[in-house]
Amino acid sequence: MLTAGDAAPDFILPGTDGEVVREYMLAEHTREGPVVLAFYLFDFHPACTDELCGIQNLGWFDVREDVTVLGISRDSAFSHRAFAREYDIPFPLLTDSDGGVSERYGVRIDELAGHRDVSNRAVFVVDADTRVRYAWAAEDPSTQPRWDEVRTALDEL
């Protein structure tokens, strides 16, 4: 897994803001400020729903307009769109269909509870220089991220 100080691999992935399906590039967002990458297992999985809804409920992402949040899983952009609409997710959800981005970030899981090739629950804060400033991955997929640590990493930028 990538750690603080590592270069964050750039990517171009399809995704949706809940309305339009288009391509998203990491470098496009780091030009505007820090990016929080939130890898998760599946759309509509209860723990993932808690994680992504938890991000929007934090409120401090609304205060920091320079922070971009991108959710990433192996589900399709169309599944993401339905998920974003159902739970009013206010940030883009991206599709890592072949697992290449999850692999480069070191959070790809080949098998979990009968599901093949998923992204582990993980969070990375990437700065404007595309350096990882914070990295966390769940040892148990039901564990939620430590959002206070993410906030501290963002505040230090």
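Above: the structure in question.
Definitions and limits used
- Residues numbered from 1 in each chain as written.
- Predicted model: local features only at pLDDT ≥ 70, side-chain atom pairs only at ≥ 80, totals over all residues.
- Heavy atoms only, no water.
- Pairing = 2+ DSSP bridges.
- Helix = DSSP H or I, 4+ residues; strand = E, 2+ residues; numbered from the N terminus.
- Axes fitted to C-alpha atoms, helices over the stretch in contact; angles between N-to-C directions.
- Buried < 20%, exposed > 50% of the residue type's maximum accessible area, 1.4 Å probe, protein only.
- Core = buried A, V, L, I, M, F, W, Y, C linked by side-chain atoms within 4.5 Å.
- Contact = heavy atoms within 4.5 Å.
- Phe/Tyr/Trp six-rings, centres within 6.5 Å; stacked < 30°, edge-to-face > 60°.
- Lys NZ or Arg CZ within 6 Å of the ring centre and 35° of its normal.

> Just checking my understanding: could you explain the sheet that holds strand β3 (residues 35-39) for this structure?
Picture the strands of a sheet paired through backbone hydrogen bonds; they go either parallel or antiparallel. Read across the open sheet, the seven strands follow the order β2-β1-β5-β4-β3-β8-β9; overall the sheet is mixed. Of all the strands in the sheet, the pair left with one neighbour each is β2 (21-25) and β9 (132-137). The mean inter-strand angle of the sheet, taken between neighbouring strand axes irrespective of direction, is 30°. For β3 and strand β4 (residues 68-73), the ladder comprises five bridges, and the chain directions are parallel. What sits directly across from V35, in β4, is T68.

> I keep staring at the pairing of β3 and nothing clicks. Help me out?
On any regular strand, side chains alternate: one points to one face of the sheet, the next to the other face. Taking burial as the measure, the five residues of β3 include five buried ones, the bulk of the element. Side chains V35, L37 and F39 project from β3 onto one buried face, and the interleaved V36 and A38 project onto a second face that is buried too. Of the pairings in the sheet, the one linking β3 to strand β8 (residues 122-126) comprises five bridges and is antiparallel in character. Bridge pairing in β8 places V35 opposite V126.

> Help me understand the nonpolar core in this model?
For soluble globular proteins, the rule of thumb is that nonpolar side chains tend to be buried together. Ranked by size, the top nonpolar core spans 22 residues in total, and within it V36, L52, L93 and V150 carry the most contacts. Every element with two or more residues in this core is listed here: β3, α2 (46-58), α4 (77-87), β8, β9 and α6 (147-155). For this core, the element with the highest residue contribution is α6, accounting for four residues. In contact with L93, not counting residues within four places along its chain, are P14, G15, T16, Y40, L52, G71, H80, F83 and A84. If you look at the next biggest cluster of nonpolar residues, it comprises 19 residues, including F11, L94, F124 and V126.

> For this particular structure, what's the right way to read the packing of aromatic side chains?
Each aromatic ring pair is described using two quantities: the centre-to-centre distance and the angle formed by the ring planes. The tally for this structure, following the rule as stated, stands at seven aromatic pairs. Between F39 and Y105, the aromatic rings sit 5.6 Å apart at their centres with planes inclined by 45°, giving tilted as the arrangement. In this pair, F39 is assigned in strand β3 and Y105 in helix α5 (residues 100-105), connecting sequence segments 66 residues apart. A relative accessible area of 0% places Y105 in the buried class. Centroid distance F44 to Y87: 6.3 Å. Interplanar angle 55°. Geometry classified as tilted. With F44 in the loop between β3 and α2 and Y87 in helix α4, this residue pair connects regions lying 43 residues apart in the sequence. In this structure Y87 comes out as partly exposed when scored by relative accessible area, which is 30%. Here a set of aromatic residues connected by ring pairs shows up, and it is made of Y40, F44, F83 and Y87. We note R22 situated over the ring of Y24; from NZ or CZ to the ring centre the distance is 3.9 Å.

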